Amino acid sequence: MVGTAAVSVAAANAGASAQAQSTTATIDRHSTQVSFTVNGTRRELTVDNRTTLLDALREQLALTGTKKGCDHGQCGACTVMVDGRRINSCLSLAVMHEGDEITTIEGLGTTSDMHPMQAAFVRHDGFQCGYCTPGQICSSVAVLEEIAAGIPSHVTEDLAAQMQVTDAEIRERMSGNICRCGAYANIIAAINDVAGRPA
Amino acid sequence: MRQFTYERATSAASAAAAVADNGNAKFIAGGTNLLDLMKLEIETPTHLIDVNGLGLDKIEATEKGGLKIGALVRNTDLAADERVRRDYGVLTRALVAGASGQLRNKATTAGNLLQRTRCPYFYDTNQPCNKRQPGSGCSAIGGVTRQLGIVGVSDQCIATHPSDMAVAMRALDATVETVKSDGVTRSIPIADFHRLPGDTPHIETALDQGEIITAVTLPPPVAGRHVYRKVRDRASYAFALVSVAAIVRPDGTGRVALGGVAHKPWRVEAAEADMPNGAATVMRKLLDGARTTEENEFKVTLAERTLAGILEETKG
Amino acid sequence: MRFDTPATNNPIDQMKVVGQAITRIDGPRKVTGTATYAYEWHDASLKAAYGYPVGAAIAKGRISSMDVQAARQAPGVLAVVTAESAGKLGKGSLNTATLMGGPEIQHYHQAIAVVVAETFEQARSAAQLIKVDYVEAPGAFDLAAEMENAVKPESGDPDSAAGDFGPAFEAAAVKLDERYTTPDQSHAMMEPHASLAVWNGDELTLWTSNQMIAWNRAQIAATLGMEEDKIHIMSPFIGGGFGSKLFLRSDALLAALGAKAAGRPVKLALPRPFLMNNTTHRPATIQRIRIGAGQDGRITAIGHESWSGDLPGGGPEAAVMQTRLLYAGQHRMTAMRLATLDLPEGNAMRAPGEAPGLMALEIAMDEMAEKLGIDPVEFRIINDTQVDPEKPEKQFSHRQFVECLRLGAERFGWERRNPTPGSVRDGRWLVGMGVASAFRNNLVMKSGARVRLDREGVVTVETDMTDIGTGTYTIIAQTAAEMMGLTVDKVAVNLGDTRFPVSAGSGGQWGANSSTAGVYAACVALREKIAQKLGFNSTDVTFADGEIRSGNRAISLAQAAGDDGITAEDTIEYGDVSEEKQQSTFGAHFVEVGIDAYTAEIRVRRMLGVAAAGRILNPITARSQMIGAMTMGVGGAFMEELAVDKRRGFFVNHDLAGYEVPVHADIHDQEVIFLDETDPYSSPMKAKGVGELGLCGVAAALANAVHNATGVRVRNYPVTLDKIIRDLPRIG
Ligand SMILES: Cc1cc2nc3c(=O)[nH]c(=O)nc-3n(C[C@H](O)[C@H](O)[C@H](O)COP(=O)(O)OP(=O)(O)OC[C@H]3O[C@@H](n4cnc5c(N)ncnc54)[C@H](O)[C@@H]3O)c2cc1C
Ligand code: SF4
Ligand code: FES
Ligand code: FES
C-alpha cells in the first residue's frame, strides 16, 4: 500500500515462488497489483497481500457500506456478491479477486433509487442500528437467487424436488447474517414482500 | 497476520513442490479457515500458494461407478450437484448443515477436510495448547470443555474435528487423492486421513509437507436412507455438539459415523452390525472407552438419542 | 421547561404525526450503506493511520517487562503507546478498571498498548511483536466460590424490607425456596467499539460509537486530564450498543493516545476476539427466591436475594429491584451482595437488574403457581398491586399489568395450554407454553434540544441524543413535526454531536420519552418566538399544515422565518412529579417452544409480547424494539453464556462463533401488542420506554415453556439441551 512500488500481476506470479526462497525479500513482494470490477467500475489497486477484500473495499476504495462486524466469518456483516455469489469478504484476500465482478450494497441502489430489496427493508423496518443491514440485504438478494437456482439448504425436505421460497428456507439461508438488534421477523417480511409472497 | 508472498499455482505438482521445499509455505483455497487463523497468528505462513486456478473444480463420474470430487469444488456446488443429491444424500445434508451460505460458497472440499479444530483455547494464543505449540500443555483439560471430544482423546489434547462434510465422507468410505512434490500420487482412505491426537496433536492428517489434495473419490452409491442429523444449541450457523451421519437400509442395517465427538470423524464398523438392535447397543461399541468431562458427558446420551431418532425415522 | 405537574392537553395529543406508523427517516441511508459509522469518516484530508490494541494475557498481576522495540521497528509503524509512555492517565468515574493497564493488570485483555501504523495490516502484525512478561497474582474468578465472601454494597440501596418476612414465610401454607443462576452475558452488538481521533493542538475531535456522548466527553476529559470544552465528539450512527457503549471504552482512549503520539489522526476498532474480555459484560448472578402464599394464591411473603461479582470498586447486578414493585405481599425482603471477582468489568447491559432478576423471579412464580395448582397467568393476576408494596402510600402512575396478562392470554390462545407438563406432542416435538411478566421502571432524564426554523419552512432539530437503532431520528422528527404543524419531510434531525444541547442519551430505556420531551420543550419555545415575532397572541395560535394561525390570520412558517430564520433552545427538566408516583412499564410475554423428543434440541415456535408503556410514539420502531428484545431474550434463555475459565480468569468463548446469539433460524412468529395508554406523569409526551421492557421476562417465559413441554425444571441459565436430555422420557 503506502510507500510500496506497484508490481505487475505477471511479475508477481512468475516471481513469487522464487522470491519466497530468497533471503532478500523486499516489501514489494508482499504487495500485489490486482484489478477487479466493483459495482460495474473497473478498479486497479496495489494491495498488501494481507489485505482482505473487505478492507480493500472499505479502506482503499472508501466503500464503507460493507461492514466489518467480526473480521472472522462469524457475523455476515461483510457479505458482498462476487461473480453473482455471496461471500464473507472478510475471509477472502483482495489479491485473490483478479478479474472478478464484485457487487456491494452501494451497487444495489442509492437513497434516491433504491433496489426493491432496500426499499422493502425500509418499508418493513428490517433493521434497527443498521450495521448488519448491508450484509443482510446482499444476502437477501442472493438467497432468492439461490433458491431459484435450486441450491438446497439444511431445511430442504426433498432434495429431488423443485426448491420453494418458504419462511423456513429464507430463515435457514439467512442465518449467516446475524442481527443483534433482532430485526429477523421484519427482514423475513421484507424478503417475502420482494419474493411476492404474502407476509 | 504476518507478511507473506503470494503466488498463483499453475500445476498441482509444482504447487506441491513449492510447499515441500518451504516449511513456511501453505496452500490457500477458499481461505475461510486459513485466513481466520492467520489473522490471529495461529497460522503464520510466509508464502501462500493459491490453488484456485488448478482446474480441480469438477465433479466427475468414475469408472467404478462412483464420483470424483475435485479438491477445489465449493461446498455449495458439491451439495447442489444432482448426482450427489440423488445418490449421496448424506453428503449433501452434511454440507448444508455446515457454516453459512456465504462460507459454503467459498469453502472447498480439500479446505473443509483440513479445517482445524474450534477448541477455544487453540484459538487464543495466550493460552497453552499442544496443538498450536507442541509441548506447551493443554489448557482445555480441566477448563471449559463442553464442545470438546469424548472418544479417542489423549492427555495431550481433547479437541474435536469440526467438519460436517468429513463425517458424511467417512460414512461413505471416501478416499482422499493426493499428489506429492515428486509427482507421486496417493489414495488415502478417509479412515486413515485424520489422526487421533495422541502425543502429537499438532499432526492432524496423514499428509506430508507439500502433499496436495487433488480430489476426494466416492465409491459407488450405498443404498438406503441417507440421513445427517446435526445437533446444536442454535438452529443454524453453529458447530455440532454431536452429529450423526447414517445410511440405513430397509432391514435396519447400515452405517453410522459421528461428528463432534473426536479428533476425527468417528466410525467403528464393528458397531454397525448392531444397528437393528437399537441405538444403545450401537453406541456401546461406538463410544467404547469414552473419556468425558462433567461438561461434555451429555454427548454420550445425546449421540445415542440422536441415533435412536434416526433409526425410528428410517424404520420400515 | 420544568416538568412539575402532570401533563395536560398539548399539541402532541393531536397525534397527527406522533404515534403514526412512519418508516425511519434514516432508513434509506442505512439500507444503502451511506450512513457513516465511527470508523468510516473518509474525508481525504484526514488520512487516518490505524491503531491496533494489545491486551493483557493474564487476568491479574503485573507486567514485569515489556519489549516494544520490534514493534516500533516494524514496517509502517508510527508509534507505540503503553501505560508507561502515555503519561499520567486519570480514570473516569464511570469506569471500574482503568482502560489502559500496566504495570498493574486488573483483568484479561485489559489494553496495555496501542500500535499505530500506516495501514491496518501493519498495525495488526506489529502488535503481535510486543513481548510482555508478567508476574501473575492469584485472583478470584468463581462467583459460587466467592459467595460467602460477598459483602453488602455501600451504595445502590442494596437491601429493602417491609413487614416481617422470616416468620411470615415460615408460616405460609405453600412455600418455595429455590436457587437460580444467570451467566455472564455479552452485549455482542454488531458494530465493534470504534473511534477516530484527531488532534488539533490541544483540541481533540473524536468520531466514536457511543450512546452517551456528554458522559463520554466528561470521561475523556477526566482520563486525559483535559478541559471538556477542548473535546468535540460525534456519534451520529451507532451500530448497536445495548449498554456496552454507555461509557468511555479503550477504543476512544487508545485512538486519542495513538493519534497524539503519531501526530496523525488515528482510527481504531476493537477486534472482535478482544472485545468481549476487554469491554464490559452483564455479570452473572446467583439468586435465592422464597415465596410464601396461602392456598388462595395470595402471596404473603416474598424474598429475593442476589449475589454477583465485580472488580474492586464495581457494583452489583441489581437483580432484586423488580421484586420490590411487581407483586403484592405484606411481608417482604430483598438483598444484594457483591463479591470481588477479577473477571473483566461487569456493567449495564440492556435492562440491567430486571433482565436477570426476572429470569429468576418469573421461574419462581411459575413454580409457585404449579405448587398451588393455579394457572400461572391467574396467579400473577391475583398478586397484582396498584401501590408500591413496600410503600403502600405510593401509587403507580399507571399500571395496566393485569390487562397485559389478560389480553396476551386471549390473543395467544393460552387456554389451549395443557397444564400437565410433558403431555403435548407434535410429531417429533414435545410442545409447551410459558408465560412471564415483564416489568421495568421508567426513568426520566433531563434533555435538551435546539430547533431552527428556516426560510424554506424546514425545522432542523439539533441535540446530542443518539440513535442506537432505537428510531430516535424518526420519533424526534415526528415530535417536531407535530409541534410545528409540519410533515416529517419538513424536519431535519441532527444527532450525536457535543456541539448540540446535552440530551438524555440512550440508556435505561429513557431515551425515547426524555429526548422527545426535550424536543417538545424546544418547540414550545420556538412556537413562542414565532408568535412573538409575528405579534400573535401565543396562547391563541395553532400550527398546522405548515402555517401558524391565529383567528383568521394564517402565515406560512417559511414566511414567518424570514431570511434569518428563528432558533430556539430549551431543556426539559423533571421536578417532583416523577417522584410523586411510581412510574414503571409493564408487560407480559407468552411463548411456545418445541423440544425434540430425541435430541432435546429446543426451538421457539412462537412469541407474543404485550406491553403497557405509555404513549407509543411510533408503532413501527417501538415494535422493532420489542421484537429485537424478544430475540435477545431467546438468546438469554437458550444459548448465551460467557464461559468462565475459573483457573485462568477469562471468558473463553470470546468471539461470535463461541458466544452464540440467535440467528434467523431461531426466530419464528413474533407478535407484539401495545396497550393504548398515555401516562401524564412521565413527560409532556406521555410516553415511556419499551426497549428494555421487551427483554424483561422473555427468558423465563421460555424456560417455563420448556418445563411445560417436558416436565424438566431448569434453574440455571442458559437452558440448553444438556440440562434436560437426561430427564426426557426414555426412547427406543
Ligand atoms: C463462522 C464459521 C462457521 C463454520 N461452521 C462450520 C460448520 O458448522 N461445519 C463445518 O464443517 N465447517 C464450518 N466452518 C468451516 C468451513 O467449512 C471451513 O472454513 C472451510 O471448509 C475451509 O475450506 P477453505 O477452502 O476455505 O479452506 P482454506 O482456508 O483455504 O484452507 C484450509 C486448510 O487447507 C489447506 N488446503 C486447502 N486446499 C488444499 C489442497 N488442495 N491440498 C492441501 N491442502 C489444502 C490450506 O493450506 C489450509 O491449511 C465454519 C467456518 C466459519 C468461519
Ligand atoms: S484440546 Fe487440543 S486444541 Fe484444545 S487446548 Fe488442548 S491441545 Fe490445544
Ligand atoms: S465481518 Fe465478515 S463475517 Fe463478520
Ligand atoms: S440492525 Fe443492528 S445488528 Fe441488525
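Remember, predicted model here, so these are calculated numbers, not experimental data.

1. Overview of the overall build of chain B
Then comes step 1: Across its full length, chain B carries 12 helices and 11 strands.
Then comes step 2: What you see for chain B is a C-alpha radius of gyration of 19 Å, in line with the 20 Å of a compact globule of 316 residues.
Then comes step 3: Referenced to the eigenvectors of the C-alpha coordinate spread, the extents of chain B come out at roughly 55 × 50 × 35 Å.
Then comes step 4: Every one of the 316 residues in chain B was classed for burial, and the buried ones make up 64%.
Then comes step 5: Of the contacts made within chain B by residues no fewer than 6 positions apart, 62% connect residues no fewer than 24 positions apart.
Then comes step 6: As displayed, chain B has an accessible area near 10400 Å², and 47% of this comes from carbon and sulfur atoms.
Then comes step 7: The centroid of the 38 positive side-chain charges in chain B is displaced by 3 Å from the centroid of its 36 negative side-chain charges.

2. Notes on the environment of T420 of chain C
Then comes step 1: With respect to the helices and strands, T420 of chain C occurs in the loop between α11 (401-412) and β17 (425-426).
Then comes step 2: Taking the C-alpha atoms as reference points, T420 of chain C and I572 of chain C, separated by 152 residues in sequence, lie 52 Å from one another.

3. A word on the site of ligand 2
Then comes step 1: Taken together, 13 residues are adjacent to ligand 2, and C119, C129, C138, C157 and I158 of chain B come closest.
Then comes step 2: Taken together, the residues of the shell around ligand 2 sort by class into 9 nonpolar, 3 polar and 1 charged.

4. Considering the side chain of T285 of chain C
Residues and elements named next belong to chain C.
Then comes step 1: By secondary structure assignment, the location of T285 is in strand β14 (residues 285-293).
Then comes step 2: Looking at T285, its side chain comes within polar contact range of the side chain of T182, at 2.5 Å.
Then comes step 3: A polar contact is formed between the side chain of T285 and the side chain of Q287, at a distance of 2.9 Å.
Then comes step 4: Those residues in contact with T285, other than ones at most four positions away along the chain, are L143, Y180, T181, T182, S306, W307, S308, E317, A319 and P356.

5. Looking at the packing of aromatic side chains
Then comes step 1: Enumeration according to the criterion identifies 18 aromatic pairs over all chains in this entry.
Then comes step 2: When the ring of F122 of chain B is compared with that of Y123 of chain B, the centres are 6.0 Å apart and the planes differ by 75 degrees; the resulting orientation is edge-to-face. For the pair formed by F122 of chain B and Y123 of chain B, the shared burial category is buried.
Then comes step 3: One aromatic cluster is present, formed by Y327, F396, F401, F439 and F586 of chain C through successive ring pairs.
Then comes step 4: Above the face of the W199 of chain C ring, K260 of chain C is positioned so that its terminal group lies 3.8 Å from the ring centre.
Then comes step 5: The lysine or arginine in question, R290 of chain C, covers the ring of F169 of chain C, its NZ or CZ lying 5.9 Å from the ring centre.

6. Side note on the interface of chain C and chain A
Then comes step 1: Between chain C and chain A, the residue contacts involve 63 residues of the former and 55 residues of the latter.
Then comes step 2: Taking both partners together, chain C and chain A bury about 4600 Å²; carbon and sulfur atoms supply 58% of that area.
Then comes step 3: When residues of chain C are sorted by the area they lose upon contact with chain A, V31, M190 and H664 of chain C head the list and together hold 19% of the total.
Then comes step 4: A salt bridge links R24 of chain C to D125 of chain A, with the shortest nitrogen-to-oxygen separation between them at 2.6 Å.

Conventions adopted
- Residues numbered from 1 in each chain as written.
- Chains lettered and ligands numbered in written order.
- Predicted model: local features only at pLDDT ≥ 70, side-chain atom pairs only at ≥ 80, totals over all residues.
- Heavy atoms only, no water.
- Helix = DSSP H or I, 4+ residues; strand = E, 2+ residues; numbered from the N terminus.
- Rg over C-alpha atoms; globule rule 2.2 N^0.38 Å.
- Buried < 20%, exposed > 50% of the residue type's maximum accessible area, 1.4 Å probe, protein only.
- Contact = heavy atoms within 4.5 Å.
- Areas by Shrake-Rupley, 256 points an atom, 1.4 Å probe, with all protein chains shown as cover.
- Lys, Arg positive; Asp, Glu negative; His and termini not counted.
- Charge placed at Lys NZ, Arg CZ, Asp CG, Glu CD.
- Near = heavy atom within 4 Å.
- Nonpolar A, V, L, I, M, F, W, Y, C, P; charged D, E, K, R; others polar.
- Polar contact = N/O pair within 3.5 Å; in protein donor to acceptor, adjacent residues only side chain to side chain.
- Phe/Tyr/Trp six-rings, centres within 6.5 Å; stacked < 30°, edge-to-face > 60°.
- Lys NZ or Arg CZ within 6 Å of the ring centre and 35° of its normal.
- Buried area = accessible area lost by both parts, 1.4 Å probe.
- Salt bridge = Lys/Arg side-chain N within 4 Å of Asp/Glu carboxyl O.

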